[in-house]
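Letter by letter, the chains look like this.
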Amino acid sequence: MPPLPRKLLIIGGGFAGLECARRLANDDRFEITLVDRTNHHLFQPLLYQVATASLAGPDIARSIRQILAKARNVTVLMDEITAIDPAGKTATGSSGTTYSFDDLLLAAGARTGYFGNDDWANHSLGLKSLADAQNIRRTVLSNLERAELTTDETERKRLMTVVIVGGGPTGVELAGAFADLVHRSLKSNFRRIDTSKLRIILIEGSELVLDAYNPEQSAYARQRLEKLGVEVRTSTRVTNVRHGALDFKDGSVLEAAAIIWAAGIAANPLAATLGVPTDRAGRITPNPDLSVPGHPNIFLAGDIVNMKDCDGQMVPGVAPAAVQMGAHVAKVLQGDHENAVARPSFDYFDKGMMAIIGKNYAVVKAGKLRLQGFIAWLAWLFIHITFLVGFKNKLSVLLGWAYSYIVNNPEARIIVNPPTACAPGKPPSN
């Protein structure tokens, strides 16, 4: 009789988990269970466009079951894994289900990180999930509706202030997209307020926005944002986030009805259950083959990893790196089954970084290549369309972008379940 297939449990249906499952699809040597707390694969690089009403949620998400429908050896389950027992080779879900495994890939991603101040989450908006993006959009659009309704000028100014903490790609892209939204798309939609007066304030603790890029590109990004009307404040440290306000190290206070936190990430709490050292963000440094130290049958991939590859270059927390990690784990597992002499070390191929800065402008850094302006924006469009999963998603996003580019009027502006504070006479709540 042929040997029984090895049970592979994949936790997370993001870029890494999905890529591993696809690489091993219909390989009868493996019986794969993919567990995710949602039923969809999310293209996170475009989350900010959902948050800023440029795209609808379904444009950047696709059912995991649909993606893997033809993979006969893959079972997809919607559950949230809450505990892992490495010695017993089991994982437990919030449903109470116990999942046994021979091999495990932990690719559960990251959550918004507040540098140890988790209570700040109660007074700010993160951007890690589709629900987060829809919440940001709902909050900002609802605040504009409330600003149109109120006759209190002080309250109107507060409602028309959006603060984004974090000057990395997410913060820069959010700021640029919000500026485009209010200065172009919404400028003729309101009668009592001037949407161009919406204050968009980008806060960065270091001296530069996009500090992972070269200084010239960082300066270019700041210049473009300021030309769009964004207030950029660098070397500004947040010491507290409370309801409707931020406190800064210099003692100043900034009031805002919408505070978006894009300043840090923290690994999924499951990483801490493996009994190995983690960094301040909860990430683990795996062995060169991506296995957990002391557990050769447990692998890590994606945002939960903090490591340098076999060439000594730091592996960034970006989608291409996660995809490559997922593919590498699949390769290692296939090699184990074929009794390979040694496991290969992970070798990251750097495809570069890019960030969009409003309509028609972007920066690209790839090896020695440096692009900025319109040509970088075109490169950004092409790369992101290519990475989207599914022809329908690619076509939907492409047509949505084309329509918005021509008419400056994105359609994803419907407010579903508005905050109770939008009702007349009710005090604001967060």
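The sections below set out a description of the structure shown in this document.

Parameters at a glance
Residues numbered from 1 in each chain as written. Predicted model: local features only at pLDDT ≥ 70, side-chain atom pairs only at ≥ 80, totals over all residues. Heavy atoms only, no water. Buried < 20%, exposed > 50% of the residue type's maximum accessible area, 1.4 Å probe, protein only. Helix = DSSP H or I, 4+ residues; strand = E, 2+ residues; numbered from the N terminus. Pairing = 2+ DSSP bridges. Right-handed = clockwise from strand over helix to strand, strands pointing away. Salt bridge = Lys/Arg side-chain N within 4 Å of Asp/Glu carboxyl O. Core = buried A, V, L, I, M, F, W, Y, C linked by side-chain atoms within 4.5 Å. Contact = heavy atoms within 4.5 Å. Axes fitted to C-alpha atoms, helices over the stretch in contact; angles between N-to-C directions. Disulfide = S-S within 2.5 Å.

## Examining the pairing of strand β2 (residues 30-36)
A regular strand carries its side chains on alternate faces of the sheet.
Logical step 1: In terms of residue burial, β2 counts as a mostly covered element, since 6 of its 7 residues are buried.
Logical step 2: Relative to β2, strand β1 (residues 6-11) runs parallel, the two being bridged by 6 bridges. Considered in β2, the bridge of I10 is made with L34.
Logical step 3: A crossover links β1 with its parallel partner β2, the connecting element being helix α1 (residues 15-23), and its sense is right-handed.
Logical step 4: Examined bridge by bridge, β2 and strand β5 (residues 74-78) share 5 bridges and lie parallel to one another. Residue pairing for β5: L34 is matched across the bridge by V76.

## A closer look at the pairing of strand β12 (residues 199-203)
Logical step 1: Most of β12 is tucked away, with 4 of its 5 residues classed as buried.
Logical step 2: Read from strand β11 (residues 161-165) through helix α6 (residues 169-185) to β12, the crossover connection turns out right-handed.
Logical step 3: Both β12 and strand β13 (residues 231-233) contribute to a ladder of 3 bridges, which runs parallel. When the sheet's bridge partners are listed, I201 is paired in β13 with E231.
Logical step 4: As for the winding sense of the linkage, the β-α-β connection from β12 through helix α7 (residues 215-227) to β13 is right-handed.

## Points about the pattern of salt bridges
Logical step 1: Using the criterion set out here, one finds 15 salt bridges in the structure.
Logical step 2: Across the salt bridge formed by R23 and E19, the nearest N and O atoms sit 2.7 Å from each other. Remark: E19 and R23 occur in helix α1; sequence separation between them is 4 residues, near one turn of the helix.
Logical step 3: What makes E19 buried here is its relative accessible area of 15%.
Logical step 4: Close ionic contact of R29 with D27 constitutes a salt bridge, the shortest N to O distance being 2.8 Å.
Logical step 5: On the accessibility criterion, R29 (25% relative accessible area) is partly exposed.
Logical step 6: One salt-bridge network, held together by shared partners, links D27, R29 and E338.

## Quick notes on the nonpolar core
Logical step 1: The biggest cluster of nonpolar side chains holds 119 residues, and the ones touching the most others in it are L46, I60, L68, I84, I164, F178 and I200.
Logical step 2: Looking at this core element by element, the count peaks at 9 residues for helix α8 (residues 319-337).
Logical step 3: What L46 contacts, discounting residues up to four positions off in sequence, is L55, I60, W380, H384, L388, V397 and W401.
Logical step 4: Ranked by size, the runner-up nonpolar core spans 14 residues in total, among them Y114, I201, F248 and W261.

## Quick look at the sheet that holds strand β9 (residues 103-106)
Logical step 1: Spatial ordering of the open sheet is given by β5-β2-β1-β9-β20-β19, a layout of 6 strands whose pairing is mixed. The open sheet is flanked by β5 and β19 (291-292), the only strands paired with a single partner.
Logical step 2: Relative to strand β20 (residues 295-300), β19 runs antiparallel, the two sharing 2 bridges. Bridge pairing in β20 places V292 opposite H295.
Logical step 3: Lying on the sheet, α1 is in contact with β1, β2, β5 and β9; it crosses β1 at an angle near 155°.
Logical step 4: Of the strands in this sheet, β1, β2, β9 and β20 touch α8, which is tilted by about 155° from β20.

## Quick notes on the state of the cysteines
Logical step 1: Per the counting criterion, the structure on display carries 0 disulfides.
Logical step 2: Looking at C20, it has no disulfide partner, and the nearest cysteine sulfur is the one in C310, 19 Å off.
Logical step 3: We classify C20 as buried; its relative accessible area is 0%.

## A closer look at the sheet that holds strand β6 (residues 81-85)
Hydrogen bonds between backbone atoms are what pair the strands of a sheet, whose relative direction is either parallel or antiparallel.
Logical step 1: On the basis of which strands lie adjacent, the open sheet formed by 3 strands has the order β6-β7-β8 and antiparallel pairing. Unpaired on one side and paired on the other, β6 and β8 (98-100) mark the two borders of the sheet. Between one strand and the next, the sheet's axes are offset by a mean angle of 20°, whatever the strand orientation.
Logical step 2: As paired strands, β6 and strand β7 (residues 90-93) are joined by 4 bridges and run antiparallel to one another. Paired with I84 across the two strands is A91, which belongs to β7.

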